[in-house]
Amino acid sequence: MAKIKIINVVAGIIINQEGEILATKRKPNRVWGSYWEFPGGKIKRGETAKAALTRELDEELGIKTKIGPLVMSPINYDYSYGQVKLQFYYVKMLSADIKLTAASQFKWLVPAELVEFDWPPANQPLIEYLVNHSLPLKNF
């Protein structure tokens, strides 16, 4: 029996003062190319989820952040290339300028707009959650 590859991923739900969430569009040459995602990436061995998210947001967007609470229970999703274990954290952006390195574009979306875009399947439970729950707009 083949061993399933586990891919630990963390992503940020970055909320601005207007209650909008930052979404980034994957470059076309990547897995799930041209789909939208919440910025983040793989957790390296020995790294905590919050440390990985801080690193990834700096690398991918060039921003400084404050990582808040876990949004919901982690999501496990089986893709053909392995099982992705996704953790999502609320994030406050501490710097204003976004410099895209891993994505082709970004948009600020109100939660109801999230359903209008193409997301990888593993993101669907989170999108449903964000559309149906209030965002924490206060400092965390």
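See the structure printed just above.
Rules used in this analysis
Residues numbered from 1 in each chain as written. Predicted model: local features only at pLDDT ≥ 70, side-chain atom pairs only at ≥ 80, totals over all residues. Heavy atoms only, no water. Salt bridge = Lys/Arg side-chain N within 4 Å of Asp/Glu carboxyl O. Buried < 20%, exposed > 50% of the residue type's maximum accessible area, 1.4 Å probe, protein only. Helix = DSSP H or I, 4+ residues; strand = E, 2+ residues; numbered from the N terminus. Phe/Tyr/Trp six-rings, centres within 6.5 Å; stacked < 30°, edge-to-face > 60°.

Before going further, it helps to spend a moment on the pattern of salt bridges. Applying the stated criterion across every chain yields a total of six salt bridges. With a closest N to O distance of 2.8 Å, Arg55 and Glu47 form a salt bridge. Judged by its relative accessible area of 17%, Arg55 falls in the buried class. The closest approach of N and O atoms between Arg55 and Glu59, which form a salt bridge, is 3.3 Å. Of this pair, Arg55 and Glu59 both sit in helix H1 (residues 49-61), four residues apart, which is roughly one turn of that helix.

Moving on: the packing of aromatic side chains. In total, this model carries seven aromatic pairs according to the counting rule given. With centroids separated by 5.2 Å and ring planes inclined at 10°, the aromatic side chains of Tyr79 and Tyr81 adopt a geometry described as stacked. On the basis of relative accessible area, Tyr81 is assigned to the partly exposed category, the value being 35%. An aromatic cluster of at least three residues, connected via ring pairs, comprises Trp32, Tyr35, Tyr77, Tyr79 and Tyr81.

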